[in-house]
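# Reading the structure
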Amino acid sequence: GRGNQYVVLNFNTFICTTCSGIHREMQHRIKGVNMSTFSTDEIKALDKGGNAVAKATWMAKWGTADGTPPSEGEVEKLRRHIKDKYENKRWYSEAP
């Protein structure tokens, strides 16, 4: 299954190893949960953010017609999904 071993500092989310590589390709700031030191500001941002907050914002307009998010093994589909989600803001809404 997906273990959330990494953090994307740009979005204050916890992600799996596969997604960490894709986010790195997109020049997003990644830190390993067990291998990194986090500043007080980073910890505060993660505390205010997190995956639920990010989902409410970045996936706000996601509907049943969009299907289900790709699984960890579907690297090309994940790459497209992450690009659509964060670069193209396909499902983004500031007021979810």
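Structure: see above.
Values in this document were obtained by computation on a predicted structure and should not be read as measured data.

## Digging into the overall build of the chain
Broken down by element type, the chain carries 4 helices and 3 strands. Reading the chain from its N end, one meets helices and strands in the order β-β-α-β-α-α-α. Taking the principal axes of its C-alpha atoms as reference, the chain extends roughly 40 × 30 × 25 Å. Looking at the chain as a whole, 36% of its 96 residues qualify as buried. Across the chain, every contact between residues at least 6 apart in sequence was considered, and the portion connecting residues at least 24 apart equals 58%. Counting 15 positive and 11 negative side-chain charges, the chain places the centres of these two groups 1 Å from one another.

## Quick word on the pattern of salt bridges
Across all of its chains, the model carries 8 salt bridges by this definition. With a closest N to O distance of 2.8 Å, Glu-25 and Arg-79 form a salt bridge. Of this pair, Glu-25 sits in helix H1 (residues 17-25) while Arg-79 sits in helix H4 (residues 75-87), and the two are 54 residues apart along the sequence. Under the relative-accessibility criterion, Arg-79 is labelled partly exposed at 22%.

## Some thoughts on the sheet that holds strand E3 (residues 30-32)
Reading across from one edge, E2-E1-E3 is the order of the 3 strands in this open sheet, with antiparallel pairing throughout. Looking at which strands have only one partner, the edges of the open sheet turn out to be strand E2 (13-15) and E3. The average angle at which neighbouring strand axes cross in this sheet is 30°, direction not considered. Relative to E2, strand E1 (residues 6-8) runs antiparallel, the two being bridged by 3 bridges. Note on E2: the bridge partner recorded for Tyr-6 is Ile-15.

## Remarks on unusual backbone geometry
Most peptide bonds are trans, and most residues other than glycine sit at a negative phi. Despite not being glycine, Asn-12 shows a phi value in the positive range, around 55°. Tracing the backbone shows Asn-12 in the loop between E1 and E2. On the basis of relative accessibility, which here comes to 18%, the residue Asn-12 falls in the buried class. Backbone geometry places Gln-27, a non-glycine residue, at a positive phi of 65°. Tracing the backbone through its elements, the reader meets Gln-27 in the loop between H1 and E3.

Rules of the game
Residues numbered from 1 in each chain as written. Predicted model: local features only at pLDDT ≥ 70, side-chain atom pairs only at ≥ 80, totals over all residues. Heavy atoms only, no water. Helix = DSSP H or I, 4+ residues; strand = E, 2+ residues; numbered from the N terminus. Buried < 20%, exposed > 50% of the residue type's maximum accessible area, 1.4 Å probe, protein only. Contact = heavy atoms within 4.5 Å. Lys, Arg positive; Asp, Glu negative; His and termini not counted. Charge placed at Lys NZ, Arg CZ, Asp CG, Glu CD. Salt bridge = Lys/Arg side-chain N within 4 Å of Asp/Glu carboxyl O. Pairing = 2+ DSSP bridges. Axes fitted to C-alpha atoms, helices over the stretch in contact; angles between N-to-C directions.

By themselves, these figures tell us nothing about what the structure is for.
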